[in-house]
Amino acid sequence: MSKYLLENQSSERLLFRKIEPSDFEDWLPFYHNPKSTQFWDGLSSDPIEACQTQFNRIFERYENDLGGMNALILKETGELVGICGLLVQEVDGVEELEIGYSILPKFWLQGFAFEAAQKCKEFAFANNFSNSLISIIHVDNIPSQKVALKNGMYLDKTTDYKDNPVHIFRVTKG
C-alpha cells in the first residue's frame, strides 16, 4: 500500500480512507455533471467509461506506490463527499508530489476541497514526504485555484500537462 495514503486520518468534518471498488456508484455522479470535467480535455464523454478510467488509475497508483486518492467520508452521515490525495506526478520532466482533489457536485461550495487539501498538506509535511507540494490546475479552473491559494500555495508556473494548459501551484515546507 502506498505510504502517501491518508488512511485512518481525519479532519474536522471528514474521514479519509482508501477508495474501494464499491465506491464506484457513489462517485459516478461526478461524471454525470458536465461542470465537473469542463476544464479537462481528453476524458471520455461517457460517464461510466470516464469513471472506470479514473478508478483504474487510482488502483494502479496504489499498486505502484505512486500515491493515491482517498475517499472523503462525511463524519456526520457516512456519505462520500469527494476524493483527495497525494499523487506522484511528473511535470516538465521533474517528479513532484501533488495534492489532488475533486468533490461531488452536491457538496460544492461547502469548503470540503480546502479542508481535505489542507489535511493532505499537513500530512505530507509532517511525514517529510517532500519539502514542496504542487497542485496541477487547469488555467480556467478558478474554483480549484482558489482552493490552492487558500491552502497557502502560490502560482509557480504555467505549462502543459497531458495536453492541457495548467497552472502549477506550489507550497514549500515552512
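Just above sits the structure.
This one's a predicted model, so the numbers in the text were calculated from it and none came from an experiment. (Residues numbered from 1 in each chain as written. Predicted model: local features only at pLDDT ≥ 70, side-chain atom pairs only at ≥ 80, totals over all residues. Heavy atoms only, no water.)

1. Some details on unusual backbone geometry
Although it is not a glycine, Asn8 adopts a positive phi angle of roughly 70 degrees. With respect to the helices and strands, the residue Asn8 is situated in the segment before β1 (14–18). The class for Asn8 is exposed, based on a relative accessible area of 72%. The backbone of Asn128 sits at a positive phi, close to 55 degrees, despite the residue not being glycine. Tracing the backbone through its elements, the reader meets Asn128 in the loop between α3 (112–126) and β5 (132–138). Look at Asn128 and you get exposed, because its relative accessible area is 56%. (Helix = DSSP H or I, 4+ residues; strand = E, 2+ residues; numbered from the N terminus. Buried < 20%, exposed > 50% of the residue type's maximum accessible area, 1.4 Å probe, protein only.)

2. Section: the layout of surface pockets
Summary: where empty space remains is shown by rolling a probe the size of a single water molecule over the atoms. Its boundaries defined by the atoms lining it, the largest pocket holds a volume of some 1,500 Å³. Lining the largest pocket we find 46 residues, and of these Phe30, Ser36, Tyr101, Ser102 and Asn141 sit closest to its centre. Of all the secondary-structure elements, those providing two or more residues to the lining of the largest pocket are α1 (24–32), α2 (47–63), β3 (80–91), β4 (94–103), α3, β5 and α4 (142–150). Residue classes in the lining of the largest pocket are distributed as 23 nonpolar, 15 polar and 8 charged. (1 Å grid on protein atoms, 1.4 Å probe; cavity = no way out; pocket = protein on both sides within 12 Å on 5 of 7 lines; lining within 4 Å. Points joined across faces, edges and corners; volume = space filled by probe spheres on them. Nonpolar A, V, L, I, M, F, W, Y, C, P; charged D, E, K, R; others polar.)

3. Focus on the nonpolar core
The biggest cluster of nonpolar side chains holds 50 residues, and the ones touching the most others in it are Ile19, Trp27, Leu86, Ile99, Tyr101 and Leu133. The element best represented in this core is α3, accounting for 9 residues. Apart from the residues within four sequence positions on either side, Ile99 is in contact with Cys84, Gly85, Leu86, Ala117, Cys120, Lys121, Leu133, Ile134, Ser135, Asn151 and Met153. The next biggest cluster of nonpolar side chains, apart from the first, holds 6 residues, and it includes Val91, Ile136, Val166 and Ile168. (Core = buried A, V, L, I, M, F, W, Y, C linked by side-chain atoms within 4.5 Å. Contact = heavy atoms within 4.5 Å.)

4. A few points about empty space enclosed by the protein
Across all of its chains, the model carries 1 cavity of 30 Å³ or more by this definition. When its volume is computed, the largest cavity comes out at roughly 30 Å³. If you go around the largest cavity, the residues you meet are Ile19, Asp23, Trp27, Phe55, Ala71, Leu80 and Ile83. Of the residues contributing to the lining of the largest cavity, the split by class is 6 nonpolar, no polar and 1 charged.

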